[in-house]
Amino acid sequence: MDNYVVEMRNITKVFPGIIANDDVTLQLKKGEIHALLGENGAGKSTLMSVLFGFYQPEKGEIYVRGEKVDIKSPNIAHELGIGMVHQHFQLIDNFTVVENIILGDEPGGFLVDYDKARKEVIALSTQYGLGVDPDAKIEDISVGMQQRVEILKVLYRKADIIILDEPTAVLTPQEIEELVEIMKNFAAEGKSVILITHKLKEILAAADRVSVLRQGKYIGTVNVADTTEAEMASMMVGREVNFKVDKKPANPGEKVLEIKDLWVKDQRGLDALQGLSLYLREGEILGIAGVDGNGQQELVEAITGLVPIEKGEILLQGQSIVNERIKSRINKGIAYVPEDRQKRALIMDFRLDENIILKSYEKEPLSKGHILNQEEINKKGNSIIEEYDVRSSEGIDTIVRNMSGGNQQKAIIGREMDLKPLVMVASQPSRGLDVGAIEYVHKRLVELRDQGKAVLLVSFELDEIMNVSDRINVIYQGKITGNVIPEKTTVQELGLMMSGSKEVDLA
Ligand SMILES: Nc1ncnc2c1ncn2[C@@H]1O[C@H](COP(=O)(O)OP(=O)(O)OP(=O)(O)O)[C@@H](O)[C@H]1O
Ligand SMILES: [Mg+2]
């Protein structure tokens, strides 16, 4: 029999209205990278929260290094050498890296040897090639770096069983490659890693074995060397998944959105957009390809009215909108799926129905003369959760915080699509979605296009950009440096444009 470093046997975890884990077994070998795969809401984060002592299971047993354990709290998990990097980071923005790392690990209360801790953080960062600046404030470092801080936190507590919940969802392709190396170093040292991800390519690149959950149930475990993307996808959703987006050639009409010589400053006052110009036509999906931090965020926020512009023009159907307020832009037909769903799109402690009507509650029939019509709101909420397959334990009454990450995302997409926008600005719309849900969202974006609407798709995933877009603009240092069509370019050429080594215009 194998010697497992962790064995979760017959775990059942129930929330009101839903069995999140239904008799699940997971066996983790020492020194392996073990992927955990499953649809949005399949129960992955819940299972890991059970292992991390955050939830107590109703049934089942956990063995760590062969000993039966009772993980009553995350503190006990720490003592057992189990560390977890959560799906949504838990760092304090205006604290430094070191402060965040020692937070909650102050032995004997408050007296911390800061210098010693700082030295240790530097040593760990060097040992694993993390390159983290110990004195930087969290708010000043990139998302990729923030994640490394979370990883350092786990290492600082001497964990050798490391759970990473969707660590790559927010990373750029380059950062993903680096993270894979970091995980492989851990494994080579005898640490064991559980990796939750929706990206099948990553599983092939990084993991030794993969276990699959579907609707709370354990489906099976296979060796990564013996499986394929198609097999993993069908294990997880119970049907074949179409990775290629089915669509007819676009039939673009008039320019619906036009941006001319746009200048926008970033939070630090530097020019993030430096004379950016682009156009978007009715009936087309324009993909914006680029390395994170080249002005994508400022571009979408300038269009939606979230940031002020320094100079330039944004025209919607020929009319300037630069002086319009956010709400008026929404009413004029601009929908927005933001990159950071928890900060920008949802009110986490509100119910799902309240979140669904956030942008439309002032309109009939949802309200009349400032009075909400709850019956109509229920109808709207239910139709969106049905149409977009938003799964949660208590339907429209669910508090959004209690929903799985991917289901939060599906709800936002449903809400924004339901606005029947002229222009859909979608920033990383498939982030955190399972392959089945991605297929669905892509289909809906294409449908929107086929109704003559325009879609601006900002994505770091080149596969997504290539598959879904009708035309691609490359953004580099705050300007558009490439204007190409997917059939006439390659991922390699896009890469050259994204790094500023090449410029192409369709003409
Ligand atoms: N604290 C909670 N209270 C009530 N229900 C919950 C809670 N946490 C999770 N759930 C429900 O349990 C189910 C499993 O959720 P979980 O977060 O484990 O899914 P997941 O596999 O991590 O999905 P995703 O890929 O979307 O992150 C979902 O239906 C979710 O709504
Ligand atoms: Mg999850």
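About the cut-offs
- Residues numbered from 1 in each chain as written.
- Chains lettered and ligands numbered in written order.
- Predicted model: local features only at pLDDT ≥ 70, side-chain atom pairs only at ≥ 80, totals over all residues.
- Domains from an automatic or database assignment.
- Contact = placed C-beta atoms within 7 Å.
- Helix = DSSP H or I, 4+ residues; strand = E, 2+ residues; numbered from the N terminus.
- Nonpolar A, V, L, I, M, F, W, Y, C, P; charged D, E, K, R; others polar.
- Axes fitted to C-alpha atoms, helices over the stretch in contact; angles between N-to-C directions.
- Parallel < 35°, antiparallel > 145°, perpendicular 65-115°, else oblique.
- Pairing = 2+ DSSP bridges.
- Near = placed C-beta within 6 Å.

Points about the domain arrangement of the protein chain
Splitting the protein chain by domain gives domain 1 (4-237) and domain 2 (255-505). Contact with domain 1, which involves 19 residues of that partner, is made by 19 residues of domain 2. Looking at which element gives the most residues to the side of domain 1 that touches domain 2, the answer is helix α8 (residues 229-237), with 3 residues. Of the residues contributing to the side of domain 1 that touches domain 2, the split by class is 9 nonpolar, 8 polar and 2 charged.

What about the packing of helix α4 (residues 114-127) against helix α5 (residues 143-156)?
In a packed pair of helices, the relevant descriptors are the angle between the two axes and the axis-to-axis distance. Contact geometry for α4 and α5: axes closest at 10 Å, N-to-C directions at 110 degrees. Classified by the angle their axes make, α4 and α5 are roughly perpendicular. Mapping the contact onto sequence places E120, V121, L124 and S125 in α4 and L152, L155 and Y156 in α5. Its residues assigned to classes, the contact of α4 with α5 comprises 5 nonpolar, 1 polar and 1 charged.

Points about the sheet that holds strand β11 (residues 255-265)
Sheet architecture is open: 4 strands sit in the order β12-β11-β14-β15, paired in antiparallel fashion. Looking at which strands have only one partner, the edges of the open sheet turn out to be β12 (271-281) and β15 (319-320). Summarising the sheet, strand β14 (residues 311-316) and β15 pair through 2 bridges and their orientation is antiparallel. Residue pairing in the sheet places L316 in a bridge with Q319 of β15. Seen against the sheet, helix α9 (residues 296-304) touches β11, β12 and β14 and runs at an angle of roughly 65 degrees to β12.

A look at the site of ligand 1
Taken together, 21 residues sit near ligand 1, with N40, S45, T46, S404 and G406 positioned nearest. Elements that contribute at least two residues to the shell around ligand 1 include exactly β2 (18-29), α1 (44-51) and α14 (405-418). Here the residues of the shell around ligand 1 are counted per class, giving 5 nonpolar, 14 polar and 2 charged. When we break the shell around ligand 1 down by domain, the ones giving at least three residues each are domain 1 (4-237) and domain 2 (255-505).

A few points about the sheet that holds strand β23 (residues 504-505)
Read across the open sheet, the 7 strands follow the order β16-β19-β20-β13-β21-β22-β23; overall the sheet is mixed. Bordering the open sheet on either side are β16 (334-337) and β23, each of which pairs with just one other strand. In the sheet, strand β19 (residues 423-427) pairs with strand β20 (residues 454-458) via 5 bridges, with the strands oriented parallel. Looking across to β20, one finds that S427 is bridged to V458. Across the sheet, α9 is in contact with β13 (285-289), β16, β19, β20 and β21 (471-476); its angle to β19 comes to roughly 150 degrees. Relative to the sheet, helix α15 (residues 435-450) contacts β13, β19 and β20, its axis offset from that of β20 by approximately 145 degrees.

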